[in-house]
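Single-letter residue listing:
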Amino acid sequence: MSPPLRVAVVGAGWSGCAAAVALAEAGQRVTLFESARSLGGRARAVPFDGYILDNGQHILLGAYARTLDVMRRVGIAPDQVLLRLPLQMPYPTGCDGMNLQAPRLPAPLHVVIGLLRATGLRRADKMSLLRFSSAARWMGWHLHQDCSVAELLERFDQTERLTRLMWRPLCIAALNTPPDRASANVFLAVLRDSLGAGRKASDMLLPRVDLSALFPAKAAEVVTRRGGEVRMGVRINAIETCRHGWNLFTSAAEVAEAYDAVVLATPVLQSAELLRGHVDTSLLENLGHEPITTCYLRYAASLRLARPFYALADDAERSDWGQFVFDRGQLNAADAGWLAVVISASSDAIAQGREALGAAVAQQLAEALQMPALAAPQEIQVVTEKRATFSCTPGLVRPDNDVGLPRLALAGDYTASDYPATLESAVRSGLQAARLVMETAP
């Protein structure tokens, strides 16, 4: 029996944590490095004046099989930490929106019945959606030649109203890229696992605990319980090959530390920096990025919306308007009174400054929910992840986990996949990277 590998996992985001868990479970000696003081990377808890909020609001899908499985493996019961809702797109009552909710029926009946019962859509809109869904199924949810989402919708004669109320907000939320620049094939993959999936797979899952507690914290516990080490606040500055694997140079020591294998789960540009001189890093360096902004607004703890979340009417002329609002108090009692408004692809929104953006979002909520008091929150916190996701453009070539170096693999939601940058793609990539370094070990 071969001795265990000494493996360095660099980066404790969701992909790095997934890789570390898989390696630890396989009996390898894992050291998990994280340069920050918190776990989770771009999906983590953030303290604010005595409150614990997240650096962004996330929705998972029932189709996120790898994510749900790895959560169970570290001792987390998904049904206890996630609010499961049927597939839906609800707008506030009284606005010029729609309300579609899939009933708990077998697929594809759940979508068909949900569409027939939907309010706010005209007959032409519903027929347009049904035709599109049928054609997408027939195509296997994939185009031979990728194009933009806007071109895809035009090709299949989607109505202006359906595009405005459903396709555009879904595209921006899922791909964090506007429809005129977003990949139709990646969008179709998302629709395959929502509109085109089984009823439970299409369910929407909202975290009831903070994002670090949702998986990364338990993953770190598994690593240490199985004899590994988690080193926070330690940055890897350089890597180099050595006789038995890799030397890592940390910010805390001048002497290199030797490992048999390495999983690089750092942000894409940091991975490019570490790999420069070892391989061609152009695929990593040329990935564009999109920000996501979440505006947290605090009101009286008695505030409660009629639903856990709403879609918000889109206005192409208002870059400072959010696409979705979440009632955090319905997810976690400790967050009572907090509303979270998500602005995806928020480059233009953040250019005006945090105070102006927070005020604009508060006014948007007051008008959309017909609650004037929402225009004056007690507190506003604006959190922006400037490189939240890669720009998910048509025909984009993404790097593989295997970069051609012995016993080294990349992990991250940006690696080759039919999914956009999601928690599921991060977890899948981390698990694949763990398999690769174990398969290529001597």
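Scroll up to find the structure this text is about.
Residues numbered from 1 in each chain as written. Predicted model: local features only at pLDDT ≥ 70, side-chain atom pairs only at ≥ 80, totals over all residues. Heavy atoms only, no water.

Q: Help me out: how do you make sense of the overall build of the chain in this one?
A: Each helix and strand counted, the chain has 15 helices and 20 strands in total. Against the 2.2 N^0.38 benchmark of 22 Å for 442 residues, the chain shows a C-alpha radius of gyration of 22 Å, consistent with a compact globule. By principal-axis analysis of the C-alpha atoms, the chain measures approximately 70 × 50 × 40 Å. Out of the 442 residues belonging to the chain, those deemed buried represent 57%. Taking as baseline every contact in the chain between residues at least 6 positions apart, the subset at least 24 positions apart corresponds to 68%. Of the roughly 18,400 Å² of accessible surface on the chain, a fraction of 51% belongs to carbon and sulfur atoms. Positive and negative side-chain charges of the chain, numbering 44 and 44 respectively, have mean locations separated by a distance of 6 Å. (Helix = DSSP H or I, 4+ residues; strand = E, 2+ residues; numbered from the N terminus. Rg over C-alpha atoms; globule rule 2.2 N^0.38 Å. Buried < 20%, exposed > 50% of the residue type's maximum accessible area, 1.4 Å probe, protein only. Contact = heavy atoms within 4.5 Å. Areas by Shrake-Rupley, 256 points an atom, 1.4 Å probe, with all protein chains shown as cover. Lys, Arg positive; Asp, Glu negative; His and termini not counted. Charge placed at Lys NZ, Arg CZ, Asp CG, Glu CD.)

Q: How do you make sense of the nonpolar core when you look at a structure like this?
A: A general tendency of soluble globular proteins is for nonpolar side chains to be buried together. Grouped together as the largest cluster of nonpolar side chains are 74 residues, with contacts concentrated most on Trp167, Ile239, Leu248 and Leu264. Sequence-distant contacts of Ile239, defined by excluding residues within four places in its chain, comprise Trp246, Asn247, Leu248, Leu264, Leu274, Leu275, His278 and Leu408. In this structure, Trp14, Ala20, Met71 and Ala265 belong to the second largest nonpolar core, which totals 50 residues. (Core = buried A, V, L, I, M, F, W, Y, C linked by side-chain atoms within 4.5 Å.)

Q: Help me understand the sheet that holds strand 11 (residues 236–242), please; the structure alone is not making it clear to me.
A: Sheets are built from strands that pair by backbone hydrogen bonding, the pairs being arranged parallel or antiparallel. One open sheet holds the 3 strands; their spatial order is 11-12-13, and the pairing between them is antiparallel. Edge positions in the sheet fall to strand 11 and strand 13 (257–259), since each has one partner strand and no second. Pairwise comparison of adjacent strand axes, ignoring direction, gives a mean angle of 30 degrees for this sheet. Two strands pair when backbone bridges link them, and strand 11 and strand 12 (residues 245–250) are joined in this way by 6 bridges, in the antiparallel orientation. Along strand 12, the bridge assignment pairs Ala238 with Phe249. (Pairing = 2+ DSSP bridges. Axes fitted to C-alpha atoms, helices over the stretch in contact; angles between N-to-C directions.)

Q: So what exactly am I meant to see when it comes to the sheet that holds strand 6 (residues 82–85) here?
A: Read across the sheet, 3 strands follow the order 5-9-6 without closing on themselves; strand pairing throughout is antiparallel. A single partner strand is all that each edge strand has here, and the edge strands are strand 5 (60–61) and strand 6. Across 2 bridges, strand 5 lies against strand 9 (residues 204–207) in antiparallel orientation. Across the sheet, the residue bridging to Leu60 is Leu205, located in strand 9.

Q: Looking at this structure, I do not really get the environment of Met71. What am I missing?
A: Structurally, Met71 can be placed in helix 2 (residues 65–73). By relative accessible area, which is 0% here, Met71 ends up buried. For Met71 and Pro207, which are 136 residues apart along the polypeptide, the C-alpha to C-alpha distance reads 13 Å. Excluding its chain neighbours within four sequence positions, the residues that come into contact with Met71 are Ile76, Pro78, Val81, Leu82, Leu214 and Phe215.

Q: Explanation requested: helix 1 (residues 14–25) in the structure shown.
A: Taking 1.5 Å per residue as the helical rise, helix 1 with its 12 residues ought to reach 16 Å, and the 16 Å between its terminal C-alpha atoms agrees with that figure. Burial analysis of helix 1 places 11 of its 12 residues in the buried class, which makes it a mostly covered element. Listed in full, the buried residues belonging to helix 1 are Trp14, Ser15, Gly16, Cys17, Ala18, Ala19, Ala20, Val21, Ala22, Leu23 and Ala24. Where helix 1 terminates, the next one or two residues include Gly27, which has phi positive at roughly 90 degrees. (Expected span 1.5 Å × (residues − 1).)

Q: What exactly am I supposed to notice about the packing of aromatic side chains here?
A: Between two aromatic rings, the relevant description is the distance of the centres plus the angle of the planes. Under the criterion given, the structure shown has 10 aromatic pairs. A ring pair is formed by Phe132 and Phe156, whose centres lie 5.7 Å apart and whose planes are at 90 degrees; its orientation type is edge-to-face. Remark: Phe156 occurs in the loop between helix 6 (149–155) and helix 7 (160–175) and Phe132 occurs in helix 5 (residues 123–138); sequence separation between them is 24 residues. Residue classification places Phe156 among the partly exposed residues on the basis of a relative accessible area of 21%. Aromatic rings pair up to connect Phe132, Phe156, Trp167 and Phe187 into one cluster. Across from the ring centre of Tyr419, 4.5 Å away, lies the NZ or CZ of Arg428, which sits over that ring. (Phe/Tyr/Trp six-rings, centres within 6.5 Å; stacked < 30°, edge-to-face > 60°. Lys NZ or Arg CZ within 6 Å of the ring centre and 35° of its normal.)

Q: Would you explain the pairing of strand 14 (residues 261–264) in this entry?
A: Where burial is concerned, the two faces of strand 14 agree: the one with Ala261 and Val263 and the one with Val262 and Leu264 are both buried. Here strand 1 (residues 6–10) pairs with strand 14 via 4 bridges, running parallel. Bridge pairing in strand 14 places Val7 opposite Ala261. Alignment of strand 14 against strand 20 (residues 408–410), held across 3 bridges, turns out to be parallel. Paired with Val262 across the strands is Leu408, a residue of strand 20.

Q: Is there a simple way to think about a nonpolar patch on the surface in this case?
A: A contiguous nonpolar surface patch, about 250 Å² in accessible area, is contributed by Leu109, Val112 and Leu116. Counting through the fold element by element, Leu109 comes out in helix 4 (residues 109–117). (Patch = residues over 30% accessible without salt bridge, like charges linked within 9 Å, V, L, I, M, F, W, Y side chains within 5 Å. Salt bridge = Lys/Arg side-chain N within 4 Å of Asp/Glu carboxyl O.)

Q: Even after reading the chapter, I still don't get helix 8 (residues 184–192), so can you show me in this structure?
A: In an α-helix, one turn spans 3.6 residues, which is why side chains three or four residues apart end up on the same side. Counted residue by residue, helix 8 has 8 buried out of 9 residues, so it is predominantly covered. Among all positions in helix 8, only Ala184, Asn185, Val186, Phe187, Leu188, Ala189, Val190 and Leu191 are buried. On its buried face, helix 8 sits against helix 5, helix 6 and helix 7. For helix 8, the N-terminal cap is Ser183; the gap from its side-chain oxygen to the backbone nitrogen of Asn185 is 3.4 Å. (Polar contact = N/O pair within 3.5 Å; in protein donor to acceptor, adjacent residues only side chain to side chain.)

Q: How should the side chain of Ser128 be read in this particular structure?
A: Tracing the chain through its elements places Ser128 in helix 5. Each residue touching Ser128, except ones within four places of it in the same chain, is listed here: Asp157, Gln158, Thr159 and Leu162.

Q: Mind showing me how you'd approach the pattern of salt bridges here?
A: Two side chains of opposite charge can pair, provided their charged atoms sit close to one another. Under the counting rule described, the total for this entry stands at 23 salt bridges. Linking Arg44 and Glu385 is a salt bridge whose minimum nitrogen-to-oxygen distance equals 3.0 Å. On the criterion of sequence distance, the pair formed by Arg44 in the loop between strand 2 (29–34) and strand 3 (45–48) and Glu385 in strand 19 (residues 379–390) is long-range, its members being 341 residues apart. Residue classification places Glu385 among the buried residues on the basis of a relative accessible area of 14%. Of the charged contacts in the structure, one is a salt bridge between Glu290 and Arg181, with a shortest N-O distance of 2.9 Å. Note that Glu290 is positioned in strand 15 (residues 289–298) and Arg181 in the loop between helix 7 and helix 8, a separation of 109 residues in sequence. Of the residues examined, Arg181 reaches a relative accessible area of 35% and is grouped as partly exposed.

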